[in-house]
Amino acid sequence: MRIFFRPLALSLAGLCAAMAAQALELAKYPQVFVAPQGVEVVLAPTADGKQALVRVSGINDPIDQVVFLSQLEQRGSAREVYATTLDGRSYGLLQKQNQAYRNGDHYVVYLPGKRDGVPLAFSEEKSKAFKLADLLASYKGQQKQGLQDKLARFDRNKRLASVQAELAKADQDATAACGTPVKTNVDWATIDDEKLQSLSIGSFCGVVASELEAMCRNTPAFKSTASGLGLVQCKFAPQLKIRVENQQVLFSTEKDAPNQEEFVRQFLRNL
């Protein structure tokens, strides 16, 4: 199961960002990267190399043109991440990967709502023409407007909508494979903000639909069994459990349970 980073103390993060902005000293030379469909990323490291201003533009997302003060984090021996705070959690917006077969550093931007990163190409022309003073002025102006703080705060309704869309996709795939309607309902009262922020609820509660889809696709004879399992009820509880009752799959999950996919798969095989 996919687990997100832990939520941050946003008030402390905001205070630190505000203090940092007062004494922000940028290195002399920024870098500008480009990608297909007009995406552009500006990276302006601080003089000490520990932070950087990062701006992504050319995308249909609220972060477009917003300048973020990002922390440089070393993750492994060959990956550096410029992390900021988005929707209540640490988010690796820009990553630098050292890949020997690509002859040096390789930059990738991870856009909100997209699973895969977008490879970037360095633009020498844009980098030389770029004005650091304008970027810094934009950053401070946006801070006064509260743009970064707004994007940093956790939005439960937004996250719920995202999870529900993910579950709907899993249900749609299972419905197509099994030839019978599959619908996953979640007991949201069992999922607090901490779980919604730190866990991929779509993966946890979508596992039954995903395994139904795989069983129907790989074992056509299972479709007759699946016809009586169209409604899935998911909740978080102290123990991992699954049973069928009144033609409903009642599934209880918990964040530390191992091999949940295999657990559900074995249950379905024994029906």
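All of these numbers come straight from a predicted model, not from anything done at the bench. (Residues numbered from 1 in each chain as written. Predicted model: local features only at pLDDT ≥ 70, side-chain atom pairs only at ≥ 80, totals over all residues. Heavy atoms only, no water.)

1. Focus: the overall build of the protein
What counts is decided by this rule: Helix and strand definitions here come from DSSP, where helices need a minimum of 4 consecutive H or I residues and strands a minimum of 2 consecutive E residues; each element is numbered from the N-terminal end. Think of it in three bands: with a 1.4 Å probe and only protein chains considered, a residue is buried below 20% of the maximum accessible area for its type, exposed above 50%, and partly exposed in between. Contact definition: two residues touch when any of their heavy atoms are within 4.5 Å. The Shrake-Rupley method, run with a 1.4 Å probe sphere, supplies the accessible areas, and residue values consider only the shown protein chains as cover.
When helices and strands are counted, the protein shows 10 helices and 13 strands. Residues classed as buried in the protein amount to 45% of the 271 residues present. Excluding contacts between residues fewer than 6 apart, the proportion of contacts in the protein whose partners are at least 24 apart in sequence is 51%. When the accessible surface of the protein is split by element, carbon and sulfur atoms take 50% of a total near 14,600 Å².

2. Points about the pattern of salt bridges
How we decide: We define a salt bridge as a side-chain nitrogen of Lys or Arg found within 4 Å of a carboxyl oxygen belonging to Asp or Glu.
In total, this model carries 12 salt bridges according to the counting rule given. Ionic pairing is found between E40 and R55, a salt bridge with its closest N-O pair at 3.6 Å. Within this pair, whereas E40 is found in strand β2 (residues 39-45), its partner R55 is found in strand β3 (residues 51-57), the two being separated by 15 residues in sequence. Pair check on accessibility: E40 and R55 agree, each one buried. Ionic pairing is found between E262 and R265, a salt bridge with its closest N-O pair at 2.5 Å. Taken together, the residues span about one helical turn, with E262 and R265 both in helix α10 (residues 260-269) at a distance of three residues. When salt bridges that share partners are traced, they join E40, R55 and K126 into one network.

3. A short note on the packing of aromatic side chains
For the record, the criterion: Aromatic pairs are defined between Phe, Tyr and Trp rings, using the six-membered ring for Trp, whenever the two ring centres lie within 6.5 Å; interplanar angles under 30 degrees are classed as stacked, those over 60 as edge-to-face, and all others as tilted.
Inspection of every chain in the model, using the stated rule, returns three aromatic pairs. Seen in terms of ring centroids, F33 and Y107 are 4.5 Å apart; in terms of plane orientation they differ by 35 degrees. Their pairing is tilted. Of this pair, F33 sits in strand β1 (residues 31-35) while Y107 is found in strand β7 (residues 104-109), placing the two residues 74 residues apart along the sequence. Since its relative accessible area comes to 3%, F33 is described here as buried. Residues F33 and F122 carry aromatic rings whose centres are separated by 5.9 Å and whose planes lie at 65 degrees to one another, so their mutual orientation is edge-to-face. In this pair, F33 sits in strand β1 while F122 sits in strand β9 (residues 121-122), placing the two residues 89 residues apart along the sequence. These aromatic residues form a ring-pair network of at least three members: F33, Y107 and F122.

4. Notes on helix α8 (residues 207-218)
Let me state the cut-off plainly: Expected helix span is given by 1.5 Å per residue-to-residue step, counting one fewer step than there are residues.
The first and last C-alpha atoms of α8 sit 16 Å apart over 12 residues, in line with the 16 Å expected at 1.5 Å per residue. Those residues of α8 that fall on the buried side of the exposure criterion are V207, V208, A209, E211, L212, E213, A214, M215 and C216.

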